Amino acid sequence: IDVLLVHINRMPLVHPKCFADDLAVGFSNWRRIAPVLLAIDDWSAAAGLTPNVGKTKFISTQPADGIGDFSKYLPLNWRGIKLVGSYVYLRILIGAGIDVTMVYGAAMEKLWSRVARYIPFKSMFNPAERVRVANTYFVPILSYIHRFYVMTKYIREQVEAVLRSWLIKNNETNLRRLCAP
């Protein structure tokens, strides 16, 4: 995919980003997308692959009603692409109407669920072991998202509450004492 990325990078006013076999391309003019899609077709044919047009989405930063019919700018085999308000890309919710709380939503549900499964075994662990369990099995749920979005105060308070439910037994200590200096 590196060859394709180099080729798209040479195109004017498009901004490709790639991770593994996922490709995202930013552009501000619909006329810029057809050459990108044709390059994807050429690269796919050379690599013996087929683009998954059904998984391909357009996400706009402007209201959908202001876009009009964009399909006229697309090659025929790409006309099945849908314009969506939001989409989960690499496990991150993206879109014009998305806020940080929404981005963290699924991860927070997963965090609460995982901690709830561990709570019945809490008494089997001393404080140091509970910290190790939290750092190994709970905190990583949020670490990927945290690379792209800073937690709001509300999200931080929610994270502290769920971690406190696992880490603190009665009144034995507080979260500050469990943090590395």
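So, here is what we can say about the structure in this document. Model, not experiment: these values are computed from the prediction.

Digging into the overall build of the chain
- What the chain contains, in helices and strands, is seven helices and six strands.
- If you list the helices and strands of the chain from N to C, you get α-β-β-α-β-β-β-β-α-α-α-α-α.
- Over its C-alpha trace the chain gives a radius of gyration of 22 Å, far above what one expects of a compact globule, namely 16 Å for 181 residues.
- Overall, the chain is about 65 × 35 × 30 Å in size when its C-alpha atoms are taken along their principal axes.
- The buried share of the chain, reckoned over its 181 residues, is 29%.
- Counted over contacts in the chain with a minimum sequence separation of 6, partners at least 24 positions apart contribute 62%.
- Of the roughly 11900 Å² of accessible surface on the chain, a fraction of 56% belongs to carbon and sulfur atoms.
- A gap of 5 Å separates the mean positions of the 23 positive and 13 negative side-chain charges of the chain.

A few points about unusual backbone geometry
- Although it is not a glycine, Leu13 adopts a positive phi angle of roughly 60°.
- Here Leu13 is to be found in the loop between helix H1 (2-9) and strand S1 (14-19).

Some words on the side chain of Lys122
- You can see Lys122 is positioned in the loop between helix H3 (100-118) and helix H4 (127-138).
- A relative accessible area of 13% places Lys122 in the buried class.
- Once you skip the residues sitting within four places of it in the chain, Lys122 turns out to touch Arg130, Arg164, Ser165, Trp166, Ile168 and Lys169.

Section: the nonpolar core
- The biggest cluster of nonpolar side chains holds 24 residues, and the ones touching the most others in it are Met108, Leu111, Phe138, Leu142, Leu163, Trp166 and Leu167.
- Where this core is concerned, the elements lending two or more residues are strand S6 (92-95), H3, H4, helix H5 (140-146) and helix H6 (153-167).
- The next biggest cluster of nonpolar side chains, apart from the first, holds 16 residues, and it includes Leu4, Ile33, Ala39 and Ile81.

Remarks on the packing of aromatic side chains
- Summed over all chains, the structure comprises 11 aromatic pairs.
- Relative to Phe58, the ring of Trp30 has its centre 4.8 Å away and its plane inclined at 85°; by these criteria the two rings are edge-to-face. Taken as a pair, Trp30 in the loop between strand S2 (22-27) and helix H2 (33-47) and Phe58 in strand S3 (residues 57-59) lie far apart in primary sequence, 28 residues in all. When sorted by exposure, Trp30 lands in the same class as Phe58, which is buried.
- With 5.7 Å between their ring centres and 85° between their planes, Phe138 and Trp166 make a pair best called edge-to-face. Here Phe138, found in helix H4, pairs with Trp166, found in helix H6; they are 28 residues apart in sequence, far enough to count as distant.
- For the cation-ring pair, Arg91 lies above Tyr144, with the distance from its terminal atom to the ring centre recorded as 4.7 Å.

Some details on the pairing of S6
- As paired elements, strand S5 (residues 86-89) and S6 share four bridges and run antiparallel to each other. When the sheet's bridge partners are listed, Val88 is paired in S6 with Leu93.
- Connecting S5 to the antiparallel partner S6 that follows it, the hairpin turn spans two residues, and Leu90 within it adopts a positive phi of roughly 55°.

Points about the layout of surface pockets
- The space that makes up the largest pocket amounts to roughly 1400 Å³.
- Along the wall of the largest pocket there are 38 residues; nearest its centre are Leu23, Ala24, Val25, Thr56 and Lys57.
- Of all the secondary-structure elements, those providing two or more residues to the lining of the largest pocket are S2, H2, S3, S5 and S6.

Calculation rules
- Residues numbered from 1 in each chain as written.
- Predicted model: local features only at pLDDT ≥ 70, side-chain atom pairs only at ≥ 80, totals over all residues.
- Heavy atoms only, no water.
- Helix = DSSP H or I, 4+ residues; strand = E, 2+ residues; numbered from the N terminus.
- Rg over C-alpha atoms; globule rule 2.2 N^0.38 Å.
- Buried < 20%, exposed > 50% of the residue type's maximum accessible area, 1.4 Å probe, protein only.
- Contact = heavy atoms within 4.5 Å.
- Areas by Shrake-Rupley, 256 points an atom, 1.4 Å probe, with all protein chains shown as cover.
- Lys, Arg positive; Asp, Glu negative; His and termini not counted.
- Charge placed at Lys NZ, Arg CZ, Asp CG, Glu CD.
- Core = buried A, V, L, I, M, F, W, Y, C linked by side-chain atoms within 4.5 Å.
- Phe/Tyr/Trp six-rings, centres within 6.5 Å; stacked < 30°, edge-to-face > 60°.
- Lys NZ or Arg CZ within 6 Å of the ring centre and 35° of its normal.
- Pairing = 2+ DSSP bridges.
- 1 Å grid on protein atoms, 1.4 Å probe; cavity = no way out; pocket = protein on both sides within 12 Å on 5 of 7 lines; lining within 4 Å.
- Points joined across faces, edges and corners; volume = space filled by probe spheres on them.

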